[in-house]
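A structural walkthrough
Below are the chains, spelled out letter by letter.
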Amino acid sequence: MTDAWIAVFDQVAESYDTVVPFFSSFGQLTVAALPPPAKGTRLLDVGAGTGAVALAARLRGYEVFAVDGSAAMVSRLSALLPTVQVADAAALPFDVATFDVVTAGFVVHLLSDPRAALREFKRVLVPGGLLALTVTGPLPEGFEPGDRSNELFAEFSRYLPADGPANTAFDARAALASTGFRNVTQEHLEVELELADPEAMWRWYATHGTRRFFDALDKERREEFRQRLVADLAHRPEVVLRRAASLFTART
Ligand SMILES: C[S@@+](CC[C@H](N)C(=O)[O-])C[C@H]1O[C@@H](n2cnc3c(N)ncnc32)[C@H](O)[C@@H]1O
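Quick look at the structure, then. (Residues numbered from 1 in each chain as written. Predicted model: local features only at pLDDT ≥ 70, side-chain atom pairs only at ≥ 80, totals over all residues. Heavy atoms only, no water.)

Structural notes on the overall build of the chain
Here is the rule we go by: Secondary structure elements are taken from DSSP: a helix is a run of H or I of four residues or more, a strand is a run of E of two residues or more, and numbering for both begins at the N terminus. This radius of gyration counts C-alpha atoms alone. The globule rule is 2.2 Å times how many residues there are, raised to the power 0.38. When a residue's accessible area, from a 1.4 Å probe over protein chains only, is under 20% of the maximum for its type it is buried; when over 50% it is exposed; and in between it is partly exposed. The contact definition used throughout considers only heavy atoms, calling two residues in contact when any of these lie within 4.5 Å. Under the convention used here, a 1.4 Å probe and the Shrake-Rupley method define accessible areas, while residue burial counts only the protein chains that appear. Positive residues here are Lys and Arg, negative ones are Asp and Glu, while His and the chain termini are left out of the count. Taken as the charge centre is NZ of Lys, CZ of Arg, CG of Asp or CD of Glu, depending on the residue.
A count of helical and extended segments in the chain gives 10 helices and seven strands. A compact globule built from 252 residues would reach a C-alpha radius of gyration of about 18 Å, and the chain, at 18 Å, matches this within 12%. Classification of the 252 residues of the chain by burial places 52% in the buried group. Sequence separation of at least 24 residues holds for 80% of the intrachain contacts in the chain that already meet a minimum separation of 6. Total accessible area computed for the chain in this model is approximately 11800 Å², and 51% of it derives from carbon and sulfur atoms. Positive and negative charge centroids in the chain, built from 25 and 32 side chains respectively, lie 4 Å apart.

If you want it as structure tokens, here you go:
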């Protein structure tokens, strides 16, 4: 797989989710929203990364399988979850109706063809099977992010090269409906995590997919972004990472 996102996740795999347990916190919230598993309930976690969802699901009692497009992510996760393998979300190496549940935490909106992946999730799910996926945002009224990142991203996106990472909007509800999923639900999830110091916010950004944005900026702009992010946080009474996600569930 030579996708630009895969290259970024190969690059950050070793440090992913190590600065602050951001993804594992959302993974735990996602799994807590699933129904309790019966014995032998099979769950496939797609784009598993370092196991934010997959490991929480196994702890809850699901029989967990996982795939990720990044060989480096799979290599790291395989030490904890031997059933993980390299595979593309849109070409899963499993038979029709293999799983009771498919999960995808912060994955589908990154894909070049999200609908192709959703059709593939449907193929490997049993009839009536459950899909649960998360996408970032939106922040609800009164839940302030606690940092200036959003303004800085908006400002600095004008310095990205024309072939740089595009901020493509993904309408999960529409995509689920158009691929034949039914009983769609949407739930709001949020996490608030204290960071060790202002620099930790920068380190957090450098250890997940946002790294792609920074790598596309030239060196001086990247350093300017870092300095302004850190300077703003240094003036705040607390250094806190506040983010929200939407959890969509649907049935085949
Ligand atoms: C933001 S991370 C989320 C990881 C994990 N689900 C979590 O919640 O922390 C996105 C993951 O999707 C994987 N990914 C990206 N494109 C993919 C594709 N086409 N097929 C399979 N995995 C893919 C990346 O390698 C990365 O591990």
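Quick notes on the sheet that holds strand β7 (residues 240-251)
Formally: Criterion used throughout: strands pair if DSSP finds at least two bridges between them. Only the stretch in contact is used when fitting a helix axis, every axis being a line fitted to C-alpha atoms; angles between N-to-C directions are given from 0 to 180 degrees.
Reading across the sheet, the seven strands line up as β3-β2-β1-β4-β5-β7-β6 and stay open at both edges, with mixed pairing between neighbours. Every other strand in the sheet has two partners, leaving β3 (84-86) and β6 (182-194) as the edge strands with one partner each. Averaged over all neighbouring strand pairs, the angle between strand axes comes to 20 degrees, with direction disregarded. Relative to β3, strand β2 (residues 63-68) runs parallel, the two being bridged by three bridges. Pairing of Val67 across the sheet is with Gln85, part of β3. The strands touched by helix α4 (residues 71-78) are β2 and β3; relative to β3, the strand with the most contacts, the crossing angle is about 165 degrees.

Let's talk about the packing of aromatic side chains
Here is the rule: Stacked, tilted and edge-to-face are the three classes assigned to paired rings of Phe, Tyr and Trp, where Trp is represented by its six-membered ring and a pair needs centres within 6.5 Å; plane angles under 30 degrees give stacked, over 60 edge-to-face, the rest tilted.
Inspection of every chain in the model, using the stated rule, returns 24 aromatic pairs. Relative to Phe225, the ring of Phe153 has its centre 5.0 Å away and its plane inclined at 50 degrees; by these criteria the two rings are tilted. You can see Phe153 sitting in helix α6 (residues 149-156) and its partner Phe225 sitting in helix α10 (residues 219-234), a full 72 residues away along the chain. No difference in accessibility class separates Phe153 from Phe225, as the two residues are buried. Measuring from centroid to centroid gives 5.1 Å for Phe156 and Phe225, while their planes differ by 65 degrees, and the two rings are edge-to-face. With Phe156 in helix α6 and Phe225 in helix α10, this pair connects stretches of sequence that are 69 residues apart. Exposure remark for Phe156: the relative accessible area of 0% places this residue in the buried category.

Concerning the layout of surface pockets
Spelled out, the test is: Think of a 1 Å grid over the protein atoms and nothing else: a 1.4 Å probe that fits but is trapped marks a cavity, an open set flanked by protein within 12 Å on at least five of seven lines marks a pocket, and residues with an atom within 4 Å of a point count as lining. Grid points are joined across faces, edges and corners, and a volume is the space filled by probe spheres set on the points. Three residue categories are used. Nonpolar comprises Ala, Val, Leu, Ile, Met, Phe, Trp, Tyr, Cys and Pro, charged comprises Asp, Glu, Lys and Arg, and polar comprises the others, including Gly.
Of the voids in this model, the second largest pocket is the one considered here, and its volume is about 200 Å³. Asp17, Ser24, Gln28, Thr50, Gly51, Ala52, Leu55, Ala56, Leu59, Arg76, Leu77 and Leu80 are the residues that line the second largest pocket. Residue assignment for the lining of the second largest pocket shows that the elements contributing at least two residues are α2 (22-32), α3 (52-60) and α4. The leading source of residues in the lining of the second largest pocket is α3, at four residues. Taken together, the residues of the lining of the second largest pocket sort by class into six nonpolar, four polar and two charged.

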